[in-house]
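# Secondary and tertiary structure notes
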Amino acid sequence: MGIQSEIIRLKKKKNITILSHNYQKGEIQDIADFVGDSLELAKMARGIESSKILFAGVRFMAETAKILSPEKRVILPVIEAGCEMADMVDIEALKRMKSKNPKAAVVAYVNTTAEVKALSDICCTSANAVKIVNSLTEDEIIFLPDKNLAAFVQRQTSKKIIPYNGWCYVHDQINENDISRAREKYPNAILFIHPEARERIQLMADYVLSTGGMVKKAGELGDEEFIVGTEEGMIYRLKRLYPEKKFYALRDKPALRCVNMKKTRIEDIKIALKEESPEITLDSSVIESAGRAIERMLKLS
Ligand code: 13P
Ligand code: SF4
């Protein structure tokens, strides 16, 4: 039996739901019950009936699933799959920012650790960041960790955004040459850029979108060609959904690749299903306070 058939047999037998982020390898997306962006996966984790979730993604995503469904067993096949941006937040620096700006609300991108979420008023993802910020009564917002997403929000709000100095190395490396080369090579293509790219790169895009936003927009537009300015896994997802359209990587060499997203191999999924581990465990007080910030976001989404 091939490994994919074996995984499908195991997940059915054990009633384990597999959630995959859009950046996972194609062969993993293929065996998942649901593929989506951070917000869609968070909603899915809360809504599904099975008591066990296997999360093909990175740690903060699996933690979010655990926080929303503490009674469920959440398995992350490669427990070291972190997020460099999430790890950039220093708790003491955040506390200093809070005491320096006592009137400001703290908005934490879901790409944060559970401990950081617990110190925040509300969470957001790249799909709803503007809506979340604009829904708050406070006029000042400490926004963390991504300074580029913070700039994206600042362009669309009258509130004062106080950004944390964090970034995603995958998106922050996109430069003007990448854009001009891709535009020249594919003159008829629509350019999508993720809001984790630098602000001046965002301004060169046709659309600045979360990964879920890219899925939706590619389906809505009549256009047939798209340059995809985000992690390479997204190309597989889009091609599978819209085989009649063409999707090009913004850059091939070196590819825009998130090392942590690619740590999970299909073999790891098979082992994790068999052993039902490694499992995400969190302190109940952290689950409670981080849960408040995530639930508040979901109520507004
Ligand atoms: P999305 O919420 O757009 O899927 O992004 C998650 C992420 O990690 C981007 O780098
Ligand atoms: Fe983190 Fe960037 Fe990887 Fe997303 S792509 S998981 S933000 S390092």
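Details of the structure are given in the entry above.
The following refers to the structure shown. (Residues numbered from 1 in each chain as written. Chains lettered and ligands numbered in written order. Predicted model: local features only at pLDDT ≥ 70, side-chain atom pairs only at ≥ 80, totals over all residues. Heavy atoms only, no water.)

## Structural notes on the nonpolar core
Selection criterion: To qualify as a nonpolar core, a set must consist of buried Ala, Val, Leu, Ile, Met, Phe, Trp, Tyr and Cys residues joined through side-chain atoms within 4.5 Å. Relative accessibility under 20% of the residue-type maximum defines a buried residue, over 50% an exposed one, and the middle range a partly exposed one, all with a 1.4 Å probe and only protein chains included. Secondary structure follows DSSP: runs of H or I at least 4 residues long count as helices, runs of E at least 2 residues long count as strands, and numbering of each begins at the N terminus. Residue contacts are defined here by distance: any two heavy atoms, one from each residue, within 4.5 Å place the two residues in contact.
One finds Phe55, Val107, Phe143, Ile193, Ile227, Leu250 and Met297 to be the most contacted residues of the largest nonpolar core, which totals 70 residues. Sorting elements by how many residues they give to this core places helix α15 (residues 284-300) first, with 7 residues. Ignoring anything within four residues of it in the chain, the contact list for Phe55 reads Leu19, Leu41, Met61, Ala62, Ala65, Ile75, Leu76 and Pro77. Counting residues in hydrophobic clusters, the runner-up holds 15 residues, among them Ile7, Ile16, Val35 and Leu54.

## A few points about the sheet that holds strand β6 (residues 122-124)
The test is simple: DSSP calls a pair of strands paired once it identifies at least 2 bridges connecting them. Lines fitted to C-alpha atoms define the axes here, with helix axes fitted over just the stretch in contact, and angles between the N-to-C directions of these axes take values from 0 to 180 degrees.
Spatially, β6-β5-β7-β8 is the arrangement adopted by the 4 strands of the open sheet, whose pairing is parallel. On the outer flanks of this sheet lie β6 and β8 (160-163), each paired with one strand and no other. On average, each strand axis in the sheet is tilted by 30° relative to the strand beside it, whichever way the strands run. By the bridge criterion, 4 bridges tie strand β7 (residues 140-144) to β8 in an arrangement that is parallel. The residue of β8 that forms the bridge with Ile141 is Ile161.

## Thoughts on the site of ligand 1
Selection rule: Working definition: residue near molecule or strand if any one of its non-hydrogen atoms lies within 4 Å of it. Definition of a polar contact: a pair of N or O atoms within 3.5 Å, with one able to donate and the other able to accept a hydrogen when the atoms are protein atoms, and with sequence-neighbouring residues admitted only if both atoms are side-chain atoms. Per-residue accessibility takes into account occlusion by the displayed protein chains alone, with areas from the Shrake-Rupley method and a 1.4 Å probe. Think of it as three bins: nonpolar holds Ala, Val, Leu, Ile, Met, Phe, Trp, Tyr, Cys and Pro, charged holds Asp, Glu, Lys and Arg, and polar takes everything else, Gly as well.
Close to ligand 1 lie His21, Tyr23, Asp37, Ser38, Asn111, Ser126, His171, His194, Glu196, Ser210 and Thr211. Within the contact set of ligand 1, an oxygen atom lies 2.9 Å away from a side-chain nitrogen or oxygen of His194. Coverage of ligand 1 by the protein amounts to 96% of the 300 Å² it exposes when considered alone. Residues belonging to the shell around ligand 1 are distributed by class as follows: 1 nonpolar, 8 polar and 2 charged.

## Let's talk about the sheet that holds strand β3 (residues 52-56)
If you walk across this open sheet you meet the 4 strands as β2-β1-β3-β4, and the pairing is parallel. The open sheet is flanked by β2 (34-36) and β4 (73-75), the only strands paired with a single partner. Pairwise comparison of adjacent strand axes, ignoring direction, gives a mean angle of 25° for this sheet. Pairing analysis gives 3 bridges linking β3 to β4, with the strands arranged parallel. Residue Leu54 lies in a different strand from β4, and its bridge partner there is Ile75.

## A few points about the pattern of salt bridges
The criterion, for reference: In what follows, salt bridge is the name for a side-chain nitrogen of Lys or Arg lying within 4 Å of a carboxyl oxygen of Asp or Glu.
Counted according to the given criterion, the structure contains 20 salt bridges. For Asp206, the salt bridge identified is with Arg183, shortest N-O distance 3.0 Å. On the criterion of sequence distance, the pair formed by Asp206 in the loop between α11 (199-202) and β10 (207-208) and Arg183 in helix α10 (residues 176-185) is long-range, its members being 23 residues apart. It is possible to trace a salt-bridge network through shared partners that takes in Lys14, Lys52 and Glu276.

## Some remarks on the packing of aromatic side chains
Let me state the cut-off plainly: By convention, a stacked pair of Phe, Tyr or Trp rings (six-membered ring in the case of Trp) has centres within 6.5 Å and planes under 30 degrees apart, an edge-to-face pair has planes over 60 apart, and any other such pair is tilted.
Inspection of every chain in the model, using the stated rule, returns 5 aromatic pairs. Geometrically, the ring pair formed by Phe192 and Tyr207 is edge-to-face, given 6.2 Å between the ring centres and 75° between the ring planes. Of this pair, Phe192 sits in strand β9 (residues 190-193) while Tyr207 sits in strand β10, placing them 15 residues apart in sequence. Residue Phe192 is classed as buried on the basis of its relative accessible area, which comes to 0%. Assessed through its relative accessible area of 27%, Tyr207 is described here as partly exposed. On the numbers, 5.3 Å between centres and 15° between planes, the contact of Phe226 with Phe247 is stacked. In this pair, Phe226 sits in strand β11 (residues 225-229) while Phe247 sits in strand β12 (residues 246-249), placing the two residues 21 residues apart along the sequence. For Phe226, a relative accessible area of 0% corresponds to the buried category. The class for Phe247 is buried, based on a relative accessible area of 4%. An aromatic cluster of three or more residues is present, and its members are Phe192, Tyr207, Phe226, Tyr242 and Phe247.

Geometry only, nothing functional implied.
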